[in-house]
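Commentary on secondary and tertiary structure
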Amino acid sequence: RRSSDLFCVLMAYEVWSETLQTLHAAGVPVLNWGTDDSWKFAQFSRFVARDVELWATTSHAALDAALGQGLRNFRLTQWAASGARTCEPLPAAHCTYDLSFVGSAYGNRGRWVQRLKARGLAVECFGQGWPNGPVAAERIPQLYRCSRVSLNFGDSGLQWRGLRPYRSRQIKARVFEVPAAGGCLLTEDADRLGD
């Protein structure tokens, strides 16, 4: 009789490989959701995935690479939004913010926001590294809803393929969460976003 399952969203080695192997040997199914596999597959996911029952990835490229390396436990998934948080849009006149962004300040994000502000656009940013700071998860849907436009930066920061730098753009949760909250989303393109 199975007593439990383990669901993870491993970002690094928060759980040791030996622990995952022990859980597997004890019959505890371990599921990991690889939300950043578009850039972390080569340096992390492909190593840890061998120690879990199921690796759910949001990256088509990571799925293809995994299957090419014999990792048959990969399945393609995607971000989504909770139906319980779905709201009707507010009229623009009732919105508090012209433009907003909710997410950490890293990579090009600060420079992009400064360029928008230099063009006279009022942008309010919330999250780690911004002057407004982090906000409680419960408050985020309301921020989306009371913004005339919510921004989505799909950039994952500077990554490396061998000695060559590149920028990885990925589908973020905001693509689903902003419209579900009744907000209007302006997003960067990302691989297979149209799908």
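Keep in mind that what you see is a predicted model, and the values were worked out from it rather than measured.

Concerning the state of the cysteines
Going through the model one piece at a time under the given rule, you end up with zero disulfides. Unpaired in this structure, cysteine 95 has its nearest cysteine sulfur neighbour in cysteine 146, at a distance of 6.8 Å. When its relative accessible area of 11% is taken as the criterion, cysteine 95 is described as buried. Of all cysteine sulfurs, the one in cysteine 95 lies closest to cysteine 184, which takes part in no disulfide; the gap is 9.4 Å.

Considerations on the sheet that holds strand β5 (residues 97-102)
Ordered by their spatial adjacency, four strands build an open sheet running β6-β5-β7-β10, and the pairing between neighbours is parallel. The open sheet is flanked by β6 (123-126) and β10 (185-187), the only strands paired with a single partner. Strand after strand, the sheet turns through a mean of 30 degrees between neighbouring axes, direction not considered. On the sheet, helix α4 (residues 109-118) packs against β5, β6 and β7 (147-152) and is oriented at approximately 155 degrees with respect to β6.

What to know about the pairing of strand β3 (residues 54-57)
As defined by bridge partners, strand β2 (residues 30-34) adjoins β3 across four bridges and the pair is classed as parallel. Note on β3: the bridge partner recorded for glycine 34 is threonine 57. Taken together, β2, helix α2 (residues 37-48) and β3 constitute a β-α-β crossover, and its handedness is right-handed. Of the strand pairs in this sheet, β3 and strand β4 (residues 74-76) are connected by three bridges, and their pairing is parallel.

Focus on a nonpolar patch on the surface
A surface patch of nonpolar side chains, about 280 Å² in accessible area, is lined by Phe7, Val9 and Met11. Among the structural elements, methionine 11 can be located in the loop between β1 (6-8) and α1 (17-25).

Focus on the packing of aromatic side chains
One pass over the full model with this rule turns up nine aromatic pairs. Ring plane angle 70 degrees and centroid distance 5.6 Å describe the contact between tyrosine 97 and phenylalanine 126, whose orientation is recorded as edge-to-face. Taken as a pair, tyrosine 97 in strand β5 and phenylalanine 126 in strand β6 lie far apart in primary sequence, 29 residues in all. Across this residue pair, the class does not change: tyrosine 97 and phenylalanine 126 are buried. An aromatic cluster is defined as three or more aromatic residues linked by ring pairs; in this entry it consists of Tyr13, Phe41, Phe44, Trp55 and Phe74. A cation over a ring is seen here: arginine 109 above tyrosine 106, with NZ or CZ 4.2 Å from the ring centre.

Side note on the side chain of asparagine 32
With respect to the element layout, asparagine 32 can be found in strand β2. In this structure asparagine 32 comes out as buried when scored by relative accessible area, which is 0%. Those residues in contact with asparagine 32, other than ones at most four positions away along the chain, are Cys8, Val9, Leu10, Leu54, Trp55 and Ala56.

Let's talk about the pattern of salt bridges
Side-chain pairs of opposite charge can arise where the charged atoms are in close proximity. Applying the stated criterion across every chain, the model contains three salt bridges. For arginine 169, the salt bridge is made with glutamate 188, and the minimal N-O distance between the two is 2.6 Å. Of this pair, arginine 169 sits in strand β9 (residues 164-169) while glutamate 188 sits in the segment after β10, placing them 19 residues apart in sequence. Between aspartate 195 and arginine 192 there is a salt bridge whose closest N-O contact spans 2.9 Å. With a relative accessible area of 69%, aspartate 195 lands in the exposed category.

The rules behind the values
- Residue positions within a chain follow its written sequence, with the count starting from 1.
- Owing to the predicted nature of the model, reporting of local features is limited to residues with pLDDT of at least 70; listing and counting of side-chain atom pairs is limited to 80 or more, with chain, interface and lining totals taken over all residues.
- Note that water and hydrogens are dropped before the side-chain values are worked out from all heavy atoms of the structure.
- Any pair of cysteine sulfurs within 2.5 Å is marked as a disulfide.
- Think of it in three bands: residues with accessible area under 20% of the maximum for their type are buried, residues over 50% are exposed, and the middle band is partly exposed, with areas taken using a 1.4 Å probe on protein chains only.
- Pairing between two strands is assigned when DSSP locates at least 2 bridges connecting them.
- Secondary structure follows DSSP: runs of H or I at least 4 residues long count as helices, runs of E at least 2 residues long count as strands, and numbering of each begins at the N terminus.
- For helices, the axis comes from a line fit to the C-alpha atoms of the stretch in contact; other axes are also lines fit to C-alpha atoms, and the angle between any two N-to-C directions lies between 0 and 180 degrees.
- For this analysis, residues touch if any pair of their heavy atoms sits within 4.5 Å.
- Whether a crossover is right-handed depends on one test, that the path from the first strand over the helix to the second runs clockwise when the strands point away from the viewer.
- Residues enter a patch when their relative accessible area is above 30% and they make no salt bridge; the linking distance is 9 Å between like charges and 5 Å between nonpolar side chains (Val, Leu, Ile, Met, Phe, Trp, Tyr).
- What sets the accessible areas is the Shrake-Rupley method with a 1.4 Å probe; for residues, cover comes only from the shown protein chains.
- Every case where a carboxyl oxygen of Asp or Glu lies within 4 Å of a side-chain nitrogen of Lys or Arg is listed as a salt bridge.
- Any two of the Phe, Tyr and Trp rings considered here, Trp counted by its six-membered ring, make a pair once their centres fall within 6.5 Å; the pair's planes then place it as stacked at under 30 degrees, edge-to-face at over 60, or tilted in between.
- Consider the ring centre and the ring normal. A charge sits over the ring if Lys NZ or Arg CZ is within 6 Å of that centre and within 35 degrees of that normal.

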